[in-house]
Amino acid sequence: MAQSLWQRLIDKPTYDKLFYVPFWDCPYGCDFCCVDSLPGKPPSFPDSGEALLFNLVDELYKRHGNPIELHLYGGEPMMRRSYVEHLAQKVDAHPHIAQFFLYTTLRSGSPEGVFQTLGTEKLTIIVNPDTVNEKVEERLEQYKEVVKMYDNPVFFPTGRGAVGEEGNQPNLLQRILPIGLPGRSCFARSSGLLVNGQQGTVHLCCLPQSPIVGTFHDSAEKLLDRYEEALVDIPKQINKKARERGCVHPCQVCNSESGYKSTEGVGCNNFDLSAWGEIVAI
Ligand code: SF4
Ligand code: SF4
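Residues numbered from 1 in each chain as written. Chains lettered and ligands numbered in written order. Predicted model: local features only at pLDDT ≥ 70, side-chain atom pairs only at ≥ 80, totals over all residues. Heavy atoms only, no water.

It is worth spelling out helix α2 (residues 50–64) at this point. Between its terminal C-alpha atoms α2 stretches 21 Å, which fits the 21 Å expected from 15 residues at 1.5 Å a residue. Among the residues of α2, those classed as buried are E50, L52, L53, F54, L56, V57, E59 and L60. Positioned one or two residues after α2, G65 has a phi angle of 75°, which is positive. (Helix = DSSP H or I, 4+ residues; strand = E, 2+ residues; numbered from the N terminus. Expected span 1.5 Å × (residues − 1). Buried < 20%, exposed > 50% of the residue type's maximum accessible area, 1.4 Å probe, protein only.)

Shown next as structure tokens:
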């Protein structure tokens, strides 16, 4: 945590994280959902990003030498428990992945298989506090060695959680901090590339509203070239745009520019890096 805060303060790229979302489907539909998941649908099976994901792990490690954190979220990834178990096996066998973060409600499937594979050293389970029920309380106790509650105080005005929607308001921190300080700044440099299975795209940060760096047709080398280049300027440009617009948080810029809605299906985010030339020139 202390290291993460320091990294956010100096705002240097960390090059140690990758995010993977095989699908956005989720049965719950929380009104603050910052990624705009697909509520009430059965899980879909767009696994075509998996090979690219592991190529990115290797290329990122080759270039920067940092052990990699792999973050799996959605949607509710545990709607396909067997797929998550399959990924856990690959993570366990991979020499450069130090930690596997599984974001789940703990309501859809038992993490026992994943826990047995990765154990306390390599697994962290991040649980959404808003979907905890009695059954989840039991699982929280059972897996307490690896469970953390999602307690990020930052409100992301993206997806269904966008400002203006009923019940979602920025916190005090985000109303008083100047844009550019941690908590009210584009955090792409301390985040990581998102491999978005549903849309076949790769994004600048963990959120699908962020600029598209490339697609599953691109090589890991090309994607990382574009990613490293983009991190030099784009976070500054987004912060600048957020100041000009009086945004609560810079992610609001990405949310409005991308028009991203997972519920509109494949290809709805055409917010690619080339668009930034015009946006920044305004
Ligand atoms: S916040 Fe999580 S549990 Fe809630 S709708 Fe979004 S993905 Fe589903
Ligand atoms: S401002 Fe955009 S690129 Fe930066 S962290 Fe938010 S969504 Fe990601």
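So, next bit.
The sheet built from eight strands is open, its strands ordered β7-β6-β5-β4-β1-β8-β9-β10 with mixed pairing. Whereas interior strands pair on both sides, the edge strands pair on one side only; in this sheet they are β7 (147–149) and β10 (212–215). The average undirected angle you get between the axes of adjacent strands in this sheet is 25°. Taken together, the three bridges between strand β6 (residues 123–127) and β7 define a ladder with parallel strand orientation. Considered in β7, the bridge of I126 is made with K148. Sitting on the sheet, α2 is in contact with β1 (17–21), β4 (68–72), β5 (97–104), β8 (193–196), β9 (201–203) and β10, with an inclination near 175° to β1. (Pairing = 2+ DSSP bridges. Axes fitted to C-alpha atoms, helices over the stretch in contact; angles between N-to-C directions. Contact = heavy atoms within 4.5 Å.)

Every residue close to ligand 2 is listed here: C186, F187, A188, C205, L207, S210, P211, I238, P250, C251 and C254. For the shell around ligand 2, a count of residues per class yields 10 nonpolar, one polar and no charged. (Near = heavy atom within 4 Å. Nonpolar A, V, L, I, M, F, W, Y, C, P; charged D, E, K, R; others polar.)

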